[in-house]
Amino acid sequence: MNFDKDIQDNTTIFGKILRGEIPAEKLYEDDYVLAFKDIMPKARVHVLVIPKKCIQDLRVAGPEDAEILGHMMCKISEIAKLAGLDKGGFRIISNNGEHSGQEVPHLHLHLLGGEFLPKF
Ligand code: 5GP
């Protein structure tokens, strides 16, 4: 799958990161996903994992996105290991829509860890 057009059309701040227009501390990248450190970490380790396809959030994801969403989830353990989270574990959060407080309208998983996190 090629997501060049999605990347070009992505009007969010994550689009700028995907196009290399603004810097980001990248941990992992492949044809489907990019993982980079959050600019305002909410835990000792805070990584964002995003699909290269333009998907606003999970409310608009459909069966056609099964491959890329499955890939994202399957890559989490590898990304967590790169971030040093494999031993202590981690939490994944995904904000979807206004009530969740989602700020960037491009689907992303927050990967949080590196310390004991408050009970959720
Ligand atoms: P949301 O609130 O949409 O679930 O999460 C968006 C996340 O993107 C926030 O945790 C915020 O700190 C992060 N973020 C926003 N702008 C940038 C940026 O320019 N670079 C990076 N690395 N993270 C960003």
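The model shown is predicted, which means the values in this text are computed figures rather than measured ones.

Caption draft 1: Just the site of the ligand, in detail. Taken together, 19 residues lie around the ligand, and D38, K42, E103, H108 and H110 are the ones closest in. At 2.8 Å from an oxygen atom of the ligand is found a side-chain nitrogen or oxygen belonging to K42. With the chains in place, 88% of the 520 Å² that the ligand exposes on its own is no longer accessible. Comparing atom positions with the cavity grids shows the ligand to sit within the largest pocket. Of all elements in the fold, only α2 (13-18), β2 (33-37) and β3 (45-51) reach the threshold of two or more residues within the shell around the ligand. For the shell around the ligand, the leading source of residues is α2, giving 3 residues. In the shell around the ligand, the residues fall into 9 nonpolar, 6 polar and 4 charged.

About the cut-offs
- Residues numbered from 1 in each chain as written.
- Predicted model: local features only at pLDDT ≥ 70, side-chain atom pairs only at ≥ 80, totals over all residues.
- Heavy atoms only, no water.
- Near = heavy atom within 4 Å.
- Polar contact = N/O pair within 3.5 Å; in protein donor to acceptor, adjacent residues only side chain to side chain.
- Areas by Shrake-Rupley, 256 points an atom, 1.4 Å probe, with all protein chains shown as cover.
- 1 Å grid on protein atoms, 1.4 Å probe; cavity = no way out; pocket = protein on both sides within 12 Å on 5 of 7 lines; lining within 4 Å.
- Sits in = over half its atoms within 2 Å of the grid points.
- Helix = DSSP H or I, 4+ residues; strand = E, 2+ residues; numbered from the N terminus.
- Nonpolar A, V, L, I, M, F, W, Y, C, P; charged D, E, K, R; others polar.

Any functional reading would require information beyond the geometric quantities listed.
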